[in-house]
Every structure is written in structure tokens, then in C-alpha cells.
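Geometric and topological summary
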Amino acid sequence: MSDSKQFTRKEISSRNSKNDAVVIIDNQVYDLTPFLDDHPGGHEVLLNVVGKDASEDFEDVGHSIDAKELMKKYLIGQIVAEERIEIKKKTFTWDDKSSPSTDTENSSFINTWKFPVLMGLLMTLLYTYLFA
Ligand code: HEM
């Protein structure tokens, strides 16, 4: 995609009318002029963000895979390399290494296999002592 057209954020900021409705989503530039009236979420939400970076607004709605496929049709280029921002993704995965409850060397005693084993042993001893 390095040969796609490059835009600066300043260039996009003036393309903010319904006759020239351009938005930035995740460093990609979309011309939504022909899509305004077809957008299932209505043209008003789009007109609020034209000329701007709508990455967060787009993500907040939780657009479907179909919507993400459809947006490719309106892609006209991307933001110049020096003005790109880190893409924030809200998706959660179970193998997220920052999760506090992963069973690693650093996790607390209560999360390791030793805790339930010790509890089981204690309960067995207690049961034997009380009822045998
Ligand atoms: C290329 C850009 C976009 C495309 C192709 C697109 C496409 C769609 C589609 C197909 C839907 C129907 C629901 C779904 O399939 O997820 C939808 C709903 C919606 N979109 Fe977009 N959208 C775009 C940009 C945006 C932006 C920038 C915003 C916010 C500023 C927005 C706000 C909404 C809202 C509020 C709904 C209605 C959600 C609901 O009724 O639950 N969309 N959009």
C-alpha cells in the first residue's frame, strides 16, 4: 500500500462538507461523499466527523465485519508516515500477556495449581479427623 495516495491531516481538515466529505479512520483516508445518504447510521453522524480523525467514533459504534469490508470501497489513500498515530484496539484476547490472572511465574500463589491442591489436602485431613 506504499503507492497509495498520501495526505496530511491539514489537507483533510478542509475537506469537511457534504460535497467533499473525507474522514480519517486508523490512518486511512476515506471519501464518504457518495456514501453519506447510504450510511445505515445516517448522514448526520458522518457530517459531524468529516475533515477529522473518526477512528474512535468508528470503533465506539462497534461496526460489523460487513461495514469494515464496505469501507474499502471508499478508501482514497492514507496519512503521511510522520503524522500517523498508533492504532488503539479495544478487542480483548485471552492470551493478553498484560492480564493479571495468567498462570505465569509471577502470578500470585492463589492462581497457581498449588493452592487448590493444598486446600484439597487440608479438607481431607479435616474430614478424617472429624469423622473417622
Ligand atoms: C467508511 C466508513 C463507514 C462505513 C463503511 C460505515 C458503515 C456502517 C454500516 C454498514 C452500518 C450498519 C451496522 C453495521 O453493519 O455495523 C453502520 C452503522 C452505524 N455507523 Fe457507520 N460506517 C462508517 C463510518 C462511521 C463513522 C465515522 C461513524 C461515527 C461518527 C459511524 C456511525 C455509525 C452509527 C451511529 C451506526 C448505527 C449503529 C446502530 O444503529 O446500532 N459510522 N455504519
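The coordinates are above.
Residues numbered from 1 in each chain as written. Predicted model: local features only at pLDDT ≥ 70, side-chain atom pairs only at ≥ 80, totals over all residues. Heavy atoms only, no water.

**Considering the pairing of strand β5 (residues 75-79)**
To keep things clear, this is the line we draw: Pairs of strands are assigned from DSSP output, requiring at least two bridges between the strands. Segments assigned H or I by DSSP are reported as helices when at least four residues long, segments assigned E as strands when at least two residues long, and all are numbered from the N terminus.
Across 2 bridges, strand β1 (residues 6-7) lies against β5 in parallel orientation. Across the sheet, residue Q6 finds its bridge partner in β5, namely Q78. Sheet analysis places strand β4 (residues 28-31) next to β5, joined by 3 bridges and oriented antiparallel. Within β5, the position partnered with Y30 by the bridge is L75.

**Regarding the packing of aromatic side chains**
Basically, it comes down to this: Note on aromatic pairs: the rings of Phe, Tyr and Trp (six-membered ring only in Trp) are paired at centre separations within 6.5 Å, and the planes decide the class, stacked below 30 degrees, edge-to-face beyond 60, tilted for the rest. Between buried and exposed lies partly exposed: a residue is buried under 20% and exposed over 50% of the maximum accessible area for its type, with that area taken using a 1.4 Å probe on protein chains only.
Taken as a whole and assessed by the stated rule, the structure comprises 2 aromatic pairs. Aromatic side chains F35 and Y74 sit 4.9 Å apart centroid to centroid with 35° between the ring planes, which places their arrangement in the tilted category. You can see F35 sitting in the loop between β4 and α2 (43-49) and its partner Y74 sitting in the loop between α4 (65-71) and β5, a full 39 residues away along the chain. The class for F35 is buried, based on a relative accessible area of 9%.

From the geometry alone we can't say anything about function, so treat these as descriptive.
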